[in-house]
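Next come the chains, spelled out residue by residue.
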Amino acid sequence: MVLYIAIAIVFLFALIIASTYQQSCVLTSREKRFVDKKISYDKILFCIIIVFLWFLTAFRSRNIGNDTQTYLNYFLKINQVGINKKYPIEIGYQYYCLILGRITQNENAILIVTATICYLGVGVYTFKYSNNLTFSIVLLFCVCFSIFTNILRQSIAMVICLYAFQALKNKRYIWFILLVFFASTFHISALVVLSFLFSKFLPKNIYVIFFVAIILTFLSVTNILSNLLRRVLTEYDSYFDSKYANSGWLAVTYSLLRASAFVFIVFSSYKCKLDDNSLILTNFVMLLFMSCLGYSVNLFTRASEYFLIIAIVELPNAIMRFGVKRRKLLTFITGFVMLAYFFVTIIFRPEWNHLYPYEFWLN
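Residues numbered from 1 in each chain as written. Predicted model: local features only at pLDDT ≥ 70, side-chain atom pairs only at ≥ 80, totals over all residues. Heavy atoms only, no water.

Q: For this particular structure, what's the right way to read the overall build of the protein chain?
A: Helix and strand content of the protein chain: 14 helices and zero strands. Secondary structure elements of the protein chain, listed N to C terminal, follow the sequence α-α-α-α-α-α-α-α-α-α-α-α-α-α. Across the 363 residues in the protein chain, those meeting the buried criterion constitute 54%. Of the roughly 17,300 Å² of accessible surface on the protein chain, a fraction of 67% belongs to carbon and sulfur atoms. (Helix = DSSP H or I, 4+ residues; strand = E, 2+ residues; numbered from the N terminus. Buried < 20%, exposed > 50% of the residue type's maximum accessible area, 1.4 Å probe, protein only. Areas by Shrake-Rupley, 256 points an atom, 1.4 Å probe, with all protein chains shown as cover.)

Here it is in structure tokens:
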């Protein structure tokens, strides 16, 4: 528990720093020099924390993360018998395991290399595009640490889709589509990111968005949606009778409330430039809609994580557009609530993802 207490203290300190973040363009030359120096320290802090989180993820034991043992077993199995299309694992991830196995048969290699890909990918992206690195690293911990220690193939897919989103923002449509389909070879759920192509058709009125969210939540809670989807998606019929159906409502409710707050913040930030930021708005609308569907099958909450990882950069950037007082308040409250939820769940809901007590693989 000492490890997580220390992590909590570090991130609370980082959150306080993040809430005082200022944009140097509105400052005097003297203040600008001070802020620029402070930002350089924030970059150092960001890099130190990224390396620390990578270390905890890469060198964890097979007992950390509910699915870690399964992924280690598949890594060994694929390298013993080769590719098998009957495995419930996408072909791209199987080749990833096979190629890595040609380099080393050490099962821990899959954890180290995957953690490196994920943290390097999200770290470089965040470092380049975030306007508040300290706040982004707090969000990165809350969003990614649990994911990167558990669902390996979706973690890689999420990082690939992060760059696909940026390609789309730069109007590089072919690259966007190619990256999304490449990500889907690691986890088929990545195809949900193609919804960005329909951003022009999503409502831009916040009242309409929340009305649609209420309808989706009603259909999800009453199982009307489940009965409809199982007729259309017959190959996934088993999911609607599994442990993922009508379960985890506490986590789904938190995800829904969090997404609702994010939508409100982002739409308030870009209210005068909705058309110019349609992709960013679409990201948070899809995050909300996917969260609404989680009551029918909470695997929809997994799908929402593709949009949540984008929020690591886009939410701080949106908040930085507000005035100083509002910016400080939103930064601190948002970060504090997400940190509190993370630590409460690892203590009181350890079955969701086993992270505590932490163990190194050498133990």
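Q: Would you explain the environment of Phe267 in this entry?
A: As for its placement among the helices and strands, Phe267 is situated in helix α11 (residues 249–269). Classification of Phe267 by relative accessible area gives buried; the value is 6%. With sequence-adjacent residues up to four places away left out, Phe267 is seen in contact with Lys204, Ile206, Ile209, Leu274, Leu281 and Val285. (Contact = heavy atoms within 4.5 Å.)

Q: What exactly am I supposed to notice about unusual backbone geometry here?
A: Note: most peptide bonds trans; most residues except glycine with negative phi. That bond from Tyr356 to Pro357 is cis: its omega, -5°, falls within 30 degrees of zero. Phi angles above zero are rare outside glycine, and Lys171 is one such case at about 65°. Note on placement: Lys171 falls in the loop between α7 (152–169) and α8 (173–184). On the accessibility criterion, Lys171 (61% relative accessible area) is exposed.

Q: I'm lost on the packing of aromatic side chains in this one. Help?
A: Where two aromatic rings form a pair, the distance of their centres and the angle of their planes describe that pair. All chains considered together, the criterion is met by 26 aromatic pairs. Both rings, one in Tyr4 and one in Tyr356, keep their centres 6.3 Å apart while their planes meet at 70°; by these two values the pair is edge-to-face. In this pair, Tyr4 is assigned in helix α1 (residues 2–19) and Tyr356 in the segment after α14 (324–348), connecting sequence segments 352 residues apart. Seen in terms of ring centroids, Phe145 and Phe342 are 6.3 Å apart; in terms of plane orientation they differ by 65°. Their pairing is edge-to-face. Residue Phe145 is located in helix α6 (residues 133–148), and its partner Phe342 is located in helix α14; the two are separated by 197 residues in the primary sequence. For Phe145, a relative accessible area of 1% translates into the label buried. Classification of Phe342 by relative accessible area gives buried; the value is 6%. (Phe/Tyr/Trp six-rings, centres within 6.5 Å; stacked < 30°, edge-to-face > 60°.)

Q: Help me understand the layout of surface pockets, please; the structure alone is not making it clear to me.
A: Any empty space left between atoms is shown by rolling a water-sized probe over those atoms. In this model, the second largest pocket occupies a volume close to 410 Å³. Lining the second largest pocket are 20 residues, with Leu168, Lys171, Ser199, Ser278 and Leu279 positioned closest to its centre. Where the lining of the second largest pocket is concerned, the elements lending two or more residues are α7, α12 (278–293) and α13 (299–319). Tallied by class, the residues present in the lining of the second largest pocket amount to 10 nonpolar, four polar and six charged. (1 Å grid on protein atoms, 1.4 Å probe; cavity = no way out; pocket = protein on both sides within 12 Å on 5 of 7 lines; lining within 4 Å. Points joined across faces, edges and corners; volume = space filled by probe spheres on them. Nonpolar A, V, L, I, M, F, W, Y, C, P; charged D, E, K, R; others polar.)

Q: Looking at this structure, how should I read the environment of Pro350?
A: For Pro350, the position within the fold is in the segment after α14. Sequence separation between Pro350 and Gly65 is 285 residues, and the spatial gap between their C-alpha atoms is 9.9 Å.

Q: What is the right way to read the side chain of Thr149 from this model?
A: When you line up the elements, Thr149 lands in the loop between α6 and α7. In terms of polar contacts, Thr149 uses its side chain to reach the backbone carbonyl oxygen of Phe145, at 3.1 Å. Apart from residues no more than four positions distant in its own chain, Thr149 is found in contact with Thr57, Arg60, Ile64, Gly65, Thr68, Asn353 and Leu355. (Polar contact = N/O pair within 3.5 Å; in protein donor to acceptor, adjacent residues only side chain to side chain.)

Q: Sorry if this is basic, but what is going on with a nonpolar patch on the surface here?
A: Together, Tyr173, Ile177, Phe181, Ile188, Leu191, Leu197, Phe198 and Phe201 line one region of the surface with nonpolar side chains, adding up to about 790 Å² of accessible area. Within the element layout of this structure, Ile188 appears in the loop between α8 and α9 (206–221). For Ile188, a relative accessible area of 39% gives the class partly exposed. (Patch = residues over 30% accessible without salt bridge, like charges linked within 9 Å, V, L, I, M, F, W, Y side chains within 5 Å. Salt bridge = Lys/Arg side-chain N within 4 Å of Asp/Glu carboxyl O.)

Q: How should the pattern of salt bridges be read in this particular structure?
A: Charged atoms that come close allow side chains of opposite charge to pair. This model, assessed by the stated rule, comprises three salt bridges. Two residues, Arg153 and Glu90, come together in a salt bridge whose shortest N-O distance is 2.7 Å. Taken together, the residues span a long stretch of sequence, with Arg153 in helix α7 and Glu90 in the loop between α3 (68–81) and α4 (91–103) at a distance of 63 residues. For Arg153, a relative accessible area of 14% puts it in the buried group. Taking the relative accessible area as the measure of exposure, Glu90 reaches 16% and is therefore buried. A salt bridge links Lys169 to Glu314; the nearest nitrogen and oxygen atoms lie 3.0 Å apart. One end of the pair, Lys169, is in helix α7; the other, Glu314, is in helix α13, and 145 residues separate them in sequence.

Q: Please clarify how empty space enclosed by the protein should be interpreted in this entry.
A: Overall, the coordinates contain one cavity of 30 Å³ or more when judged by the stated rule. Put simply, the largest cavity is a space of about 30 Å³. What lines the largest cavity is simply Leu139, Val143, Phe262, Leu308, Ala311, Ile312, Leu315 and Met338. Sorting the residues of the lining of the largest cavity by element identifies α6 and α13 as the ones contributing at least two each. In terms of residue class, the lining of the largest cavity is made up of eight nonpolar, no polar and no charged.

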